[in-house]
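Here are the chains, one letter per residue:
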Amino acid sequence: MASQQEHTVKAFDQDIGQLRGLISQMGGLAEAAIGHAMTALQRGDLELADRIRQDDRRIDAIEADVERTAVRIIALRAPLANDLREVVAALKIAAVVERIGDYAKNIAKRVPLIEGEHRIEPLSTVPAMAKIAAEMVHDALDAFAARDAAKAVEIVRRDRTLDDFYDSIFRTLVTYMVENPKTISQCAHLLFVAKNLERIGDHATNVAEMVHFAATGNQMTDREWGNQ
Amino acid sequence: MTDHAKITAEGVNVFYGAKQAIRNVSLHVRQDEVTAFIGPSGCGKSTFLRTLNRMNDTIAGARVEGDVRLDGEDIYARAMDVVQLRARVGMVFQKPNPFPKSIFENVAYGPRIHGLARSKAELAQIVERSLQRAGLWNEVKDRLSESGTALSGGQQQRLCIARAIAVDPEVILMDEPCSALDPIATARIEELISDLRGRYAIVIVTHNMQQAARVSQKTAFFHLGELVEYGDTSAMFTNPREERTKDYITGRYG
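Each chain carries its own residue numbering, running from 1 in the direction its sequence is written. Chain A is the first chain written and ligand 1 is the first ligand written, with later ones labelled in order. Note on the predicted model: pLDDT of at least 70 is required for a residue's local features to be given, and 80 or more for side-chain atom pairs to be given and counted; whole-chain, interface and lining totals, by contrast, use all residues. Values reported for side chains reflect all heavy atoms of the structure, with hydrogen atoms and water molecules removed beforehand.

So, the interface of chain A and chain B
By definition, residues are in contact when any of their heavy atoms lie within 4.5 Å. Contacts between chain A and chain B engage 18 residues on the former and 14 residues on the latter. Joining two parts hides part of their accessible area as seen by a 1.4 Å probe, and the buried area is that hidden amount summed over both. Buried surface at the junction of chain A and chain B, both sides included, amounts to about 1300 Å², of which 42% is carbon and sulfur. Here, a salt bridge means any Lys or Arg side-chain nitrogen found within 4 Å of an Asp or Glu carboxyl oxygen. Our count for the chain A to chain B interface comes out at 1 salt bridge. Where B:R252 meets A:D83, a salt bridge forms, and the shortest distance between an N and an O atom there is 3.0 Å. Within 3.5 Å is the distance limit for a polar contact, defined as a pair of N or O atoms, with the added protein rule that one can donate a hydrogen and the other accept it, and that residues adjacent in sequence qualify only through two side-chain atoms. Along the contact surface separating chain A from chain B lie 10 residue pairs in polar contact (both at pLDDT 80 or more). Helix numbers and strand numbers start at the N terminus; a helix is a DSSP run of H or I with at least 4 residues, a strand a run of E with at least 2. Broken down by element, the residue count for the side of chain A that touches chain B peaks at 4 residues, all from helix 3 (residues 81-114) of chain A. Tallied by class, residues from the side of chain A that touches chain B come to 7 nonpolar, 8 polar and 3 charged. Here the nonpolar group is Ala, Val, Leu, Ile, Met, Phe, Trp, Tyr, Cys and Pro; Asp, Glu, Lys and Arg are the charged ones; every other residue, Gly included, is treated as polar.

Considering the packing of helix 3 of chain A against helix 6 (residues 184-216) of chain A
Packing of helix 3 of chain A against helix 6 of chain A leaves a shortest axis separation of 9 Å and a crossing angle of 170°. Accordingly, the angle class assigned to the pair helix 3 of chain A and helix 6 of chain A is roughly antiparallel. For every element, the axis is a line fit to its C-alpha atoms; helices are fit only across the contacting stretch, and the angle between N-to-C directions ranges from 0 to 180 degrees. Oblique is the label for every angle not falling under 35 degrees (roughly parallel), over 145 degrees (roughly antiparallel), or within 65 to 115 degrees (roughly perpendicular).

What to know about the environment of A:P112
Residues and elements named next belong to chain A. Note that P112 resides in helix 3. According to the relative accessible area criterion, P112 is partly exposed, its value standing at 40%. In the structure, P112 is positioned 70 residues away from K182 in sequence and 17 Å away in space, judged by C-alpha atoms. Only protein chains enter the accessibility calculation, which uses a 1.4 Å probe; a residue is then buried when its area is under 20% of its type maximum, exposed when over 50%, and partly exposed in between.

Structural notes on the UniProt feature "domain: PhoU" (unreviewed entry) in chain A
Residue and element names in this part refer to chain A. Under the local residue numbering, the UniProt record ascribes the feature "domain: PhoU" (unreviewed entry) to residues 23-111 and 128-211. Annotated as 94% helix and 0% strand, the span residues 23-111 places its first and last C-alpha atoms 28 Å apart. End-to-end, the C-alpha atoms of residues 128-211 are 26 Å apart, and along that stretch the chain is 93% helix and 0% strand. UniProt positions are given in the numbering used here, feature names are shortened, and annotations may be inferred rather than shown by experiment.

Brief notes about the state of the cysteines
The disulfide criterion is simple: two cysteine sulfur atoms within 2.5 Å. Summed over all chains, the structure comprises 0 disulfides over all chains. Not part of a disulfide, B:C160 finds its nearest cysteine sulfur in B:C178, a span of 12 Å.

Quick word on the layout of surface pockets
Residue and element names in this part refer to chain B. For the largest pocket, the calculated volume is near 530 Å³. Taken together, 20 residues make up the lining of the largest pocket; nearest its centre are R86, A87, M91, F99 and R163. The element contributing the most residues to the lining of the largest pocket is helix 3 (residues 103-113), with 4 residues. Here the residues of the lining of the largest pocket are counted per class, giving 12 nonpolar, 6 polar and 2 charged. The method works on a 1 Å grid over the protein atoms by themselves. A cavity is a set of points holding a 1.4 Å probe that cannot get out, a pocket is an open set with protein on both sides within 12 Å along at least five of seven lines, and residues with an atom within 4 Å of a point line them. Grid points are joined across faces, edges and corners, and a volume is the space filled by probe spheres set on the points.

Brief notes about empty space enclosed by the protein
Residues and elements named next belong to chain A. Taken as a whole and judged by the stated rule, the model has 1 cavity of 30 Å³ or more. Roughly 30 Å³ of internal volume is contained in the largest cavity. Of all elements in the fold, only helix 1 (10-43) and helix 4 (126-146) reach the threshold of two or more residues within the lining of the largest cavity. Of the residues belonging to the lining of the largest cavity, the class tally is 4 nonpolar, 1 polar and 1 charged.

Observations concerning unusual backbone geometry
Peptide bonds are, in most cases, trans, and in most cases residues other than glycine have a negative phi. Phi at A:A78 takes a positive value of approximately 45°, unusual for a residue other than glycine. With respect to the helices and strands, the residue A:A78 is situated in the loop between helix 2 (46-77) and helix 3. In this structure, B:N24 is a non-glycine residue whose phi angle is positive, near 45°. On the secondary structure map, B:N24 appears in strand 2 (residues 19-30). For B:N24, a relative accessible area of 55% corresponds to the exposed category.

Some remarks on the sheet that holds strand 2 of chain B
In a beta sheet, neighbouring strands are held together by backbone hydrogen bonds and run either parallel or antiparallel to one another. In short, DSSP must find at least two bridges between two strands for them to pair. The 4 strands lie next to each other as 2-1-4-5 (chain B), forming an open sheet whose pairing is antiparallel. Edge strands, defined here as strands with exactly one partner in the open sheet, are strand 2 and strand 5 (73-74) of chain B.

Focus on the nonpolar core
Here, nonpolar core refers to any group of buried Ala, Val, Leu, Ile, Met, Phe, Trp, Tyr and Cys residues whose side-chain atoms link them within 4.5 Å. Of all hydrophobic cores here, the largest spans 73 residues; its most connected members are A:I34, A:I93 and A:L197. Elements represented by at least two residues in this core include exactly helix 1, helix 2, helix 3, helix 4, helix 5 (149-179) and helix 6 of chain A. Leave out the neighbours within four places in its chain, and A:I34 touches A:I100, A:A104, A:A130, A:A134, A:V137, A:L197 and A:I200. If you look at the next biggest cluster of nonpolar residues, it comprises 46 residues, including B:A108, B:L151, B:I172 and B:I202.

Brief notes about a nonpolar patch on the surface
A residue counts toward a patch only above 30% relative accessible area and without a salt bridge, and it is joined to like-charged neighbours within 9 Å or, for Val, Leu, Ile, Met, Phe, Trp and Tyr, to nonpolar neighbours within 5 Å. Here the open area of atoms and residues is found with the Shrake-Rupley method and a 1.4 Å probe, where only the protein chains shown may cover a residue. On the surface, A:F170, A:V174 and A:V178 cluster together to form a nonpolar patch covering roughly 250 Å² of accessible area. By the element assignment, A:F170 lies in helix 5.

What to know about the environment of B:T245
All names here are of chain B. Mapped onto the elements of the fold, T245 is located in helix 10 (residues 243-249). Looking at T245, the relative accessible area reads 0%, which means it is buried. The spatial distance from the C-alpha of T245 to the C-alpha of F222 is 8.7 Å, given a sequence separation of 23 residues. Sequence-distant contacts of T245, that is, excluding residues within four places in its chain, are made with F221, V228, E229, M236 and P240.

Some remarks on the sheet that holds strand 3 (residues 34-38) of chain B
Residue and element names in this part refer to chain B. The sheet built from 6 strands is open, its strands ordered 6-7-8-3-9-10 with mixed pairing. Since the sheet does not close on itself, it has two edges, and those belong to strand 6 (89-92) and strand 10 (226-232), each with one partner. The mean inter-strand angle of the sheet, taken between neighbouring strand axes irrespective of direction, is 15°. Here 5 bridges tie strand 7 (residues 171-175) to strand 8 (residues 201-205), and the two strands are oriented parallel to one another. From the neighbouring strand, L173 faces strand 8, where its bridge partner is V203. Packed onto the sheet, helix 6 (residues 153-166) meets strand 6 and strand 7 and runs at close to 170° relative to strand 6. Strands in contact with helix 7 (residues 183-196) are strand 3, strand 7 and strand 8; relative to strand 8, the strand with the most contacts, it is inclined by about 150°.

See the structure below:
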């Protein structure tokens, strides 16, 4: 696993530390955005929904910061081996986390659109799905911070649960729409919400794959993916 | 043993007096590849390089054990002609060391003493071809009679490479050939190395990790006289197998 030994050039360690700090900050904001989006959705809290959109700008700003820092490290430190893999992973993870933030923002945007309607029952199962998605994001970034390949493998396998959740919500919503056309608008929005959460899970899975590569230098095998 | 192995070294130990500088090193240098030796100062990479054309013979108290073969031929055998060996396995040093003679004479010297040219015209041909291959011809063709030492550092180093090439070697050993050169001259030598690859087996010792990554196909990492890791350059710099290699190339010790 990753060496705990410090670089001879101390500034190199500081640069890497800064990069890790930015990623974890970004991840924290994205994870919080998912939770807040759910709360806003359940309570019909327009103010909270608006704040999520504001916070997304911070995620975007940090992504730009990650890019600048990574480019500077590559230019000035010429990182190699695990250092190189970590910088490349950070660059890619930042882009993915930014997307996760966008999905949370998209969920928040739907809050005012279903506000005032009578809440249908499936709305109560969506937050359970969101909880799993947010945990995947949280754990994927923890795995990055710890360069923990085993944890990354475990996260990838969790994505299947999220997919099952999505299928179940999809079927339920379609049934609602067929039985009561008045709910179509709300159901359609919830369908997008569920789809967004499913995509967040896919992105968390991507992060986990990058963590695995950064930590081991190898792509995940089919066996680790649980495809066998 | 392996296909295209130009040089095979098996169980090589080198001692300077009582001090052991190389410990049981085995590796093969392929004909069609550039092999880079890296490692911290004093790790034995230059010492090992010098066992490949018996340059250690010239150092008092140096003793080499083990088996080194060039095309399967034991280079430490009694019957081996060392002068001939060094023509077959040429060497370029850290500091360019042209003879204090004309550019032409610097390159013509080797072919002449080895009797490689039957006529003046043929010798001139060898000189031109060698300077061409060393990428120096266009810069010096109009002043071949000027002193080699009047050239710039980078040109002098390419002159030394032309000199090594002139005797038609099979292997070229380079001991930190760019450490005294500026970045442009360094880039020209690196470009030259890739041009020469395939024609000669090339072994380069370098302190510059990026240079090893740029010019070589195989990299060997030495530490405290041992060969720690030897393998494909791209794998070595992205995902080394050994912890010690990783710590060295990422700048964590050395």
